[in-house]
Amino acid sequence: MTLNRRLLFLLSGVTFAADFVYMIARQALVRSSAGGDLFHGLLLLAGAGTFAVAWTRRQRDGEPNPVQMIGSTVITATVLLVTLGLFRIGSMISFENMDGRLVPDGITSVIVTLIMGIASGIASILLLFTFTELIFIKRRRNTRRNYLVMLGFFAAYALVFSILSIRQEEGGATYIFVSFGLVLMMVVNSFRFSWILVLTRREKLANLGLSFFGFVFFIILAVDASVFDLSAADSDVYKSALAYFHPVMDAFFSTTMLFGAIYMGLGFASTLMHLPTAKEFDRKKAEISSFQNMSRLVTEVFDLDDLLSTSTQLALDITEGGSAWIELFPAEVYRDTPERPADREAALERTPLPTTVSLRNMSEEQRNALRLSDGRPLHALVLETGKGVTIHDLQRDRRIDHTGAAVPAGTLALLPLHAYGGIVGLLAIHKKTAYEFDKDLLQGASAFADLVSVALENSRLIAESLSRERFKQELLLARQMQRSLLPSLLPIAETYDVYAESIPAFEVGGDYYDMVALDERQLGITIGDVSGKGVSAALYMAQVKGIFQSMSGDMTSTRALLRRMNDTLCRTMDRKSFISLLYAVLDIQSGSVRFSRAGHCPLLYISGGSSRYLRPNGMGLGLDPTERFADSIEEEGLVLAPGDVIVLFTDGVTEARDKNGEEFHFERLADIAEKHAGESARSIGEAIIDAVRRFTGNGEALDDLTLLVLRWNGTTTRHETMTDERYYSASGGSAV
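Now for a quick tour of the structure. Here the residue numbers are simple positions, counted from 1 along each chain's written sequence. For a predicted model such as this one, the threshold for reporting local features is a pLDDT of at least 70, and the threshold for listing and counting side-chain atom pairs is 80 or more; totals across whole chains, interfaces and linings nevertheless cover every residue. Where side-chain values are given, they derive from all heavy atoms of the structure, hydrogens and water being excluded.

Comments concerning the overall build of the protein
Cut-off, in case you're wondering: Think of it this way: any DSSP run of H or I at least four residues long counts as a helix, any run of E at least two long counts as a strand, and we number them from the N terminus. Think of it in three bands: residues with accessible area under 20% of the maximum for their type are buried, residues over 50% are exposed, and the middle band is partly exposed, with areas taken using a 1.4 Å probe on protein chains only. We call two residues in contact when some of their heavy atoms are within 4.5 Å. Throughout, the Shrake-Rupley method with a 1.4 Å probe supplies accessible areas, and for residues the shown protein chains are the sole cover considered.
In terms of helices and strands, the protein carries 21 helices and 19 strands. Taken across its 736 residues, the protein has 49% of its residues classed as buried. Of the contacts made within the protein by residues no fewer than 6 positions apart, 73% connect residues no fewer than 24 positions apart. As displayed, the protein has an accessible area near 34,700 Å², and 56% of this comes from carbon and sulfur atoms.

Concerning the packing of aromatic side chains
Geometrically, a pair of aromatic rings is defined through the distance of the ring centres and the angle of the planes. Short version of the rule: Each aromatic pair joins two rings of Phe, Tyr and Trp (for Trp, the six-membered one) with centres within 6.5 Å, and gets the label stacked for planes under 30 degrees apart, edge-to-face for over 60, and tilted for any other angle. Two thresholds decide whether a charge sits over a ring: the Lys NZ or Arg CZ must be within 6 Å of the ring centre and within 35 degrees of the ring normal.
On inspection of all chains with the given rule, the structure shows 20 aromatic pairs. Between F51 and W55, the ring centres sit 6.5 Å apart and the planes meet at 10 degrees, which makes this aromatic pair stacked. Of this pair, F51 and W55 are both found in helix α2 (residues 38–56), four residues apart, which corresponds to roughly one turn of the helix. By relative accessible area, W55 is classed as partly exposed at 23%. Aromatic side chains F212 and F213 sit 5.5 Å apart centroid to centroid with 75 degrees between the ring planes, which places their arrangement in the edge-to-face category. The exposure class assigned to F213 is partly exposed, which follows from its relative accessible area of 46%. Members of the aromatic cluster, joined through ring pairs, are F131, F218, F259 and Y263. Cation over ring: R615 sits above F666, and NZ or CZ is 5.4 Å from the ring centre.

Observations regarding the pattern of salt bridges
Spelled out, the test is: The term salt bridge refers to a pairing of a side-chain nitrogen on Lys or Arg with a carboxyl oxygen on Asp or Glu at a separation within 4 Å.
For the structure on display, the rule yields 13 salt bridges. Across the salt bridge formed by R367 and E327, the nearest N and O atoms sit 2.4 Å from each other. One end of the pair, R367, is in helix α13 (residues 364–369); the other, E327, is in strand β3 (residues 323–328), with 40 residues separating them in the sequence. For R367, a relative accessible area of 8% puts it in the buried group. In this structure E327 comes out as buried when scored by relative accessible area, which is 2%. A salt bridge links R668 to E662; the nearest nitrogen and oxygen atoms lie 3.1 Å apart. A residue is classified by how much of its surface remains accessible, and R668, at 31% relative accessible area, is partly exposed. The partly exposed category is assigned to E662, whose relative accessible area is 41%.

Observations regarding the packing of helix α6 (residues 173–190) against helix α9 (residues 247–274)
Quick note on the threshold: Axis geometry follows a simple rule: fit a line to the C-alpha atoms, using only the stretch in contact for helices, then measure angles between N-to-C directions, giving values from 0 to 180 degrees. In what follows, roughly perpendicular refers to angles from 65 to 115 degrees, roughly parallel to angles under 35, roughly antiparallel to angles over 145, and oblique to any angle outside these ranges. Here a crossing is called left-handed whenever its near helix is offset anticlockwise from the far helix by less than a right angle, and right-handed whenever the offset is clockwise. In this classification, the charged set is Asp, Glu, Lys and Arg, the nonpolar set is Ala, Val, Leu, Ile, Met, Phe, Trp, Tyr, Cys and Pro, and all remaining amino acids, among them Gly, are polar.
With their axes 9 Å apart at the nearest point, α6 and α9 run at an angle of 40 degrees to one another. Judged by the angle between their axes, α6 and α9 are oblique. Crossing angle aside, the handedness with which α6 passes α9 is right-handed. Residues L182, V183, M186, V187, N189 and S190 of α6 touch α9, and the partners they reach there are T255, L258, F259, I262, Y263 and L266. When the residues that make up the contact of α6 with α9 are grouped by side-chain class, the tally is nine nonpolar, three polar and no charged.

Describing the side chain of T654
Mapped onto the elements, T654 comes out in helix α19 (residues 651–654). Given the relative accessible area of 3%, T654 is considered buried. Non-local contacts of T654, meaning those with residues more than four positions away in its chain, are made with F649, E663, F664, H665, F666 and L669.

So, the sheet that holds strand β17 (residues 645–649)
What counts is decided by this rule: Two strands pair if DSSP finds at least two bridges between them.
If you walk across this open sheet you meet the five strands as β9-β18-β17-β14-β15, and the pairing is antiparallel. Edge positions in the sheet fall to β9 (496–503) and β15 (610–614), since each of these pairs with one other strand and no more. With direction set aside, neighbouring strand axes in the sheet form an average angle of 15 degrees. Across five bridges, strand β14 (residues 603–607) lies against β15 in antiparallel orientation. Looking at β15, one finds that L603 is bridged to L614. Taken strand by strand, helix α20 (residues 665–675) contacts β14, β15 and β17, and its axis lies near 135 degrees from that of β15. Contacting β9, β17 and β18 (705–712), helix α21 (residues 681–696) crosses the sheet at an angle of about 30 degrees to β9.

Quick look at α21
Threshold: Here a helix's expected span is defined as the number of its residues, less one, multiplied by 1.5 Å.
For α21, with 16 residues, the first-to-last C-alpha span of 23 Å sits near the 22 Å given by 1.5 Å per residue. The set of residues buried in α21 consists of A681, I684, G685, A687, I688, I689, A691, V692 and F695. Looking at the packing, one finds that the buried side of α21 touches β9, β17, α19, α20 and β18.

Side note on helix α8 (residues 237–245)
The α-helix advances 3.6 residues per turn, and as a result positions three or four apart in sequence lie on the same side. With respect to burial, α8 is a largely interior element, eight of its nine residues being buried. When we look at burial in α8, the residues that qualify are V237, Y238, K239, S240, A241, L242, Y244 and F245.

Considering the packing of helix α7 (residues 201–224) against α9
Two elements in contact, α7 and α9, have axes whose closest approach is 8 Å; the angle formed by their N-to-C orientations is 150 degrees. The angle between α7 and α9 places the two elements in the roughly antiparallel class. α9 is crossed by α7, and the crossing has left-handed handedness.

Concerning unusual backbone geometry
Glycine aside, the phi torsion of most residues is negative, and most peptide linkages are trans. Positive phi, normally seen in glycine, also occurs at E320, with a value near 55 degrees. Positionally, E320 belongs in the loop between α11 (304–319) and β3. Residue H665 is not a glycine yet carries a positive backbone phi of 70 degrees. As for its placement among the helices and strands, H665 is situated in helix α20.

Things to note about the side chain of T312
Filter applied, for reference: Pairing of N or O atoms within 3.5 Å defines a polar contact, subject to two protein rules: one partner must be a possible hydrogen donor and the other a possible acceptor, and residues neighboring in sequence count only if both atoms are side-chain atoms.
Position of T312 relative to the elements: it lies in helix α11. The buried category is assigned to T312, whose relative accessible area is 0%. Side-chain polar atoms of T312 contact the backbone oxygen of S309, separated by 2.9 Å. Setting aside its immediate chain neighbours within four residues, T312 contacts A324, W325, I326, S358 and R360.

Rendered as structure tokens:
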């Protein structure tokens, strides 16, 4: 409550208190009716007006609840009746006739009369405001006009009633006209019950009871206040108290009670008339709510199990069904409905059986008992026509097999779930009573089935998108893993120049190269390629790196190392994978090279302006754990002359394809190497990579491209050893 509103309520209370004290003092001095006292009237007007302004400044939280508002008016009327009854039982008020006017006969009667007057005035204001809010719910264009006309008659009646009451005159034509107009406008405004239409059945029943009791209570209060009666007898305690307090308050209270009785009576009748349609309204309301929930699920629920479970529950909410389930076909989808019956039969036989999912409120045994009389499953009815099918009486329908287990009674609706022009499943809804699905209900259920189809398709697309995203993340991880396994620095000496590069493809393979100082003179050089793609290939590559670096220092025979590596890898690799690898050992002082090949690409040797491929025999690592592998491995050797170049590469170089599918092949590689043989190792390597890229049109490579170029500079006077700890940056090309 705001500060201004509190101040207004406080001011109203102070004004009423001042009037209360004034009236006590006045009665002590002058024992007469207070109706003509101008000061008393002004205090009442100020107190009631301030209270009304404070009340209108309240802020209601949320939408008004008409049933709760009706309940509050009934409670107010009940409190007034109970208070009045207590005063009467206690005989706390009595009047005496003075010059034709009833005046309280003692101070107790005066106090009780003032309390009743103030309480009745406040109650009348609250009740009139509540009825006003009810009238203006879903207001129409003429609602405000009719209401203002009624308030005008309220004021006119209070004025005429007060004048006649003070003068003690009988009502004439004006009084009758105003009274008739007031009642007429009360009836007109009391027909504003559009809010009853949107009440649920439970709310309608509650409103029916509240309206009945409200009608009775307001009738009692209106009669007790002797509405439209200008005179008051000694026995009319309430009427006498209000007439003594002030004739305007008497008129305002009695007419408000009459308006309450009319509004409640018409409300009771209107609610009673709408009660038969309450169930249908509840179903429509549940249908709309379910559609809203399903629309939300389309964009928010990606888990298929949650989506199916929620869909069957919402289907039951819409149709007030007893049980429901969804059947989904596997990957194959019944795409269309052939025109000819023979074609339909053939297509039906080709369609795989659907899987029953999200079975709700029905056992598997009951579900399995539902089959057609010719032995076919229920979904055959939907696939034959491509449309929804309703079995109005399961116990009597001849299409249903009744010879086996007990078939449940009731109605069954089978609604197809469409996607991409075909049927991907069906939604089944069972109601326990026969002939419960009418046309309107089936239309709503069919529309809901279409929404379920959209939700299922959306869920499938999102699942595929997530799967693709996970695959991309896996490839990214594999590429990062692969890059981390390649050496960032290569050992160098003045006798040779080396360049290495590995360019990963989108689909990660498992290319690997390495250079390891075996001793002061021996340099181990290897390049390999793991079969397969993705993380598994990268993991095998890591395994090869570990084996190579741990074993290469123990033996200088390239054939022996490959044999040991094969023994180790055959114990861990699956039979569908293998590794091709070429291993060479370079004497950095003499330039002699020994190398062996395990199913890998040949070594390209360029010397004296010509090139040739050296292909010693050898099967891939991990293919054969027996001696046959060792027997297949050959070791070759050569002595490099100054300016000689050897190129080690993977199949990503020679098998790179252009837009026509033609491979780069060995000849183009040899030609490029020969052309640039007089240049540095880096220049040779970059020329080969540039040629491959131009050949493929700079398109996305299908496999990793790995290249290692070593150019022999010749012996020097300096005694080169591998302990000089100089390294070549594989990425930058500078010695560190």
